[in-house]
There are 2 protein chains.
Amino acid sequence: MVCPKQFSFQSDNHDHQRCIRNAMAVAEKLCRRRQQRFTPLRRRVLQLIWQQQRPVGAYDLLKQLQQDGKAAPITVYRVLDFLLRMGLVHRILSQNAYIGCVCPEREHAGHFLICQTCKGLVEVVDSALTAAIVANSLALDFQVRQSAVEILGLCPRCAKEVSSEG
Amino acid sequence: MVCPKQFSFQSDNHDHQRCIRNAMAVAEKLCRRRQQRFTPLRRRVLQLIWQQQRPVGAYDLLKQLQQDGKAAPITVYRVLDFLLRMGLVHRILSQNAYIGCVCPEREHAGHFLICQTCKGLVEVVDSALTAAIVANSLALDFQVRQSAVEILGLCPRCAKEVSSEG
DNA sequence: TTAGCAACGTTATAATATAACGTTTGTTAA
DNA sequence: TTAACAAACGTTATATTATAACGTTGCTAA
């Protein structure tokens, strides 16, 4: 089970609490298997990230952590670093923000469609895109370690609003 | 004529001064055609960007400008904003840096291979990659405005060095 | 049960980017 | 020409994002 919101711009009224619970369970299992500590702090931050349905900034997370008590930026960044290493979240370069990964079990690059209006985001998993990246890299004798694809534009809903206004 | 360095990791001893002169001439023509002012400051910054053969940070540019006289960060960012709007430079998200565009006449997204060791960069122009992006967007009824593809890894030269060390 | 290391706290600071407002300069149209 | 306007640039201040350095706590494994 994955969060449908993160695979399509359309699906909206799904039980996101269930997605969150699922993501936490997957994270737990994955950390245990890798013998990494899924501490309360790490759990809390991952949960905060999943609660938003769009990419969240580090300082947004910080503010939320500070509602529980004192916290410093480095705390957030350290946790983010861990979550990124574990593949539990993706970093969205164009937004300086972070989002929960829908499929942390399988290692993969983050490929995204991002709406410039509502900041909504969809993770793309597509073999043709991956193949094109591999082909280009092979052609230049380049060893891929990581790839970031961020496609910016207008999601269907925001496009509709724009056209009905104008 | 384009800078071969920006299309391959291999070509190294080409006449880069000539590439720079060419880039400046193209920029000049393009601004005139669009009735935009290619001021001395804008010219200077674009030249500084082309002089590096890798992505340059805004504050690197600032330091170089300050050798001519006083300058503030906003000055650099304003010029970068102009150059980006004109398509004369690309912003490299993963590096917080900027690089001259090898083909500003034709509007296009920036697709790059970036070496994590030497920070060398190659601009990729590939229809299969573009097609994959378009296909994904169409499938989700998403209107693309801009796309950023940054493929990080090891360029052939750095790969060779790593293997000869280890 | 203690040595060692990972996690986290605390304080400070680096690096990147923008806001607000005033002045200069170039362009346009009477 | 020159007044009116807008674009470019200067100046000062500040926002936003991210990391460094070092000490303390607490888990874990021999």
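Look a little higher up for the structure.
This text gives an overview of the structure that appears in the document. (Residues numbered from 1 in each chain as written. Chains lettered and ligands numbered in written order. Predicted model: local features only at pLDDT ≥ 70, side-chain atom pairs only at ≥ 80, totals over all residues.)

**Comments concerning the relation of the copies chain A and chain B**
The criterion, for reference: Copies are brought into register by a least-squares superposition over C-alpha atoms of residues with pLDDT of at least 70 in both. The contact criterion used is a C-beta to C-beta distance within 7 Å, with each C-beta placed from the backbone.
Between the two copies, chain A and chain B, the superposition gives an RMSD of 0.0 Å; the rotation angle is 180° and the shift along the axis is 0.0 Å. The operation mapping one copy onto its partner corresponds to a two-fold rotation axis. Closest to the rotation axis within chain A is the C-alpha of valine 149 of chain A, separated from it by 2.2 Å. A high fraction, 100%, of the interface residues of chain A reappear at the interface in chain B, so the copies pair face to face through one surface.

**A look at the interface of chain A and chain B**
Put simply, the rule is: Think of it this way: any DSSP run of H or I at least four residues long counts as a helix, any run of E at least two long counts as a strand, and we number them from the N terminus. Side-chain classes are defined by residue name, with Ala, Val, Leu, Ile, Met, Phe, Trp, Tyr, Cys and Pro counting as nonpolar, Asp, Glu, Lys and Arg as charged, and the others, Gly among them, as polar. Paired strands are those between which DSSP finds at least two bridges.
Contacts between the two partners involve 34 residues from chain A and, on the opposite side, 34 residues from chain B. Listing elements by their share of the side of chain A that touches chain B, those giving two or more residues are helix H5 (127-139), strand S5 (143-154) and helix H6 (156-165) of chain A. Class assignment of the residues belonging to the side of chain A that touches chain B gives a composition of 21 nonpolar, nine polar and four charged. Taken together, the 11 bridges between S5 of chain A and strand S5 (residues 143-154) of chain B define a ladder with antiparallel strand orientation. Its bridge partner lying in S5 of chain B, glycine 153 of chain A is registered against valine 144 of chain B.

**Notes on the sheet that holds strand S4 (residues 121-123) of chain A**
Cut-off, in case you're wondering: Only the stretch in contact is used when a helix axis is fitted, and all axes are lines through C-alpha atoms; the angle between N-to-C directions ranges over 0 to 180 degrees.
Overall, mixed pairing links the six strands, which are arranged S4(A)-S3(A)-S5(A)-S5(B)-S3(B)-S4(B) in an open sheet. Strand pairing shows two members of the sheet lacking a second neighbour, S4 of chain A together with strand S4 (121-123) of chain B, which therefore form its edges. Along the sheet, successive strands turn relative to each other by an average axial angle of 20°, direction set aside. Pairing analysis gives six bridges linking strand S3 (residues 110-115) of chain B to S5 of chain B, with the strands arranged parallel. Within S5 of chain B, the residue paired with cysteine 115 of chain B across the bridge is glycine 153 of chain B. Set on the sheet, H5 of chain A makes contact with strand S3 (110-115) and S5 of chain A together with S3 and S5 of chain B; between it and S5 of chain A the angle comes to about 130°.

**Description of the protein's contact with DNA strand C**
For clarity, the cut-off: The criterion for a residue being near a molecule or strand is a backbone-placed C-beta atom within 6 Å of that molecule or strand.
Within the structure, DNA strand C sits among 18 residues, and Thr39, Leu41 and Ala72 of chain A together with Ile74 and Asn96 of chain B are positioned closest to it. Those elements giving two or more residues to the surface near DNA strand C turn out to be helix H2 (40-51) and helix H4 (73-85) of chain A together with helix H3 (58-66) and helix H4 (73-85) of chain B. Top element by residues in the surface near DNA strand C is H4 of chain A. It accounts for four residues. Across the surface near DNA strand C, the residue classes break down as 10 nonpolar, five polar and three charged.

**Considerations on the packing of H2 of chain A against H4 of chain A**
Residues and elements named next belong to chain A. As a reminder of what qualifies: Roughly parallel here means an angle under 35 degrees, roughly antiparallel means over 145, roughly perpendicular means 65 to 115, and every remaining angle is called oblique.
Between H2 and H4, whose axes approach to 10 Å, the crossing angle comes to 80°. Between H2 and H4, the angle falls in the class roughly perpendicular. Where H2 approaches H4, its residues Leu41, Arg42, Val45 and Leu46 are matched on the opposing element by Val76, Val79, Phe82 and Leu83. Of the residues that constitute the contact of H2 with H4, the class distribution is seven nonpolar, no polar and one charged.

**Comments concerning the protein's contact with DNA strand D**
Ile74 and Tyr77 of chain A together with Thr39, Leu41 and Ala72 of chain B are the nearest of the 18 residues found near DNA strand D. Put simply, the parts of the chain that give the surface near DNA strand D at least two residues each are helix H3 (58-66) and H4 of chain A together with helix H2 (40-51) and H4 of chain B. Its residues placed into classes, the surface near DNA strand D shows 10 nonpolar, five polar and three charged.

**With respect to the environment of aspartate 60 of chain A**
Its place among the elements puts aspartate 60 of chain A in helix H3. Between the C-alpha atom of aspartate 60 of chain A and that of leucine 48 of chain A, which follows or precedes it by 12 residues, the distance is 9.6 Å.

**Some details on the pairing of S3 of chain A**
Residue and element names in this part refer to chain A. The condition that has to hold: Every C-beta atom is placed from the backbone, and the number of other C-beta atoms within 10 Å of a residue's own sets its class: buried at 20 or more, exposed at 12 or fewer, partly exposed in between.
For S3, the tally of buried residues reaches six of six residues, placing the bulk of the element in the interior. Going residue by residue along S3, you find Gly110, Phe112 and Ile114 tucked away on one face and His111, Leu113 and Cys115 tucked away on the opposite face as well. Taken together, the three bridges between S3 and S4 define a ladder with antiparallel strand orientation. By the bridge assignment for S4, leucine 113 is matched with valine 122. Once S3 ends, the chain turns through five residues before running back antiparallel as S4, passing lysine 119 with a positive phi of about 65°.

**Quick word on unusual backbone geometry**
Residue and element names in this part refer to chain A. If you check the backbone angles, glutamine 35 has positive phi at about 55° while not being a glycine. Relative to the helices and strands, glutamine 35 resides in the loop between helix H1 (16-33) and H2. For glutamine 35, a count of 6 C-beta atoms within 10 Å corresponds to the exposed category.

**Describing the packing of helix H1 (residues 16-33) of chain B against H2 of chain B**
Residues and elements named next belong to chain B. So the rule is basically this: In this scheme the handedness of a crossing depends on how the near helix is turned from the far one: anticlockwise by less than a right angle means left-handed, clockwise means right-handed.
One way to put it is that H1 packs onto H2 with a least axis distance of 10 Å and a crossing angle of 145°. In this structure, H1 meets H2 at a crossing whose hand is right-handed. Contact with H1, carried on its side by Ile20, Ala23, Met24 and Ala27, involves Arg43, Leu46, Gln47, Trp50 and Gln51 of H2 and no other residues of that element. Partitioned by chemical class, the residues of the contact of H1 with H2 number six nonpolar, two polar and one charged.

**Considerations on H2 of chain B**
All names here are of chain B. Quick reminder of the rule: Expected helix span is taken as 1.5 Å per residue step, with the number of steps being one fewer than the number of residues.
Given a rise of 1.5 Å per residue, 12 residues ought to cover 16 Å, and the 16 Å separating the end C-alpha atoms of H2 matches this to within 8%. The set of residues buried in H2 consists of Arg42, Val45, Leu46, Leu48, Ile49 and Trp50. Against H1, H3, H4, strand S1 (89-92) and strand S2 (97-100) lie the buried residues of H2.

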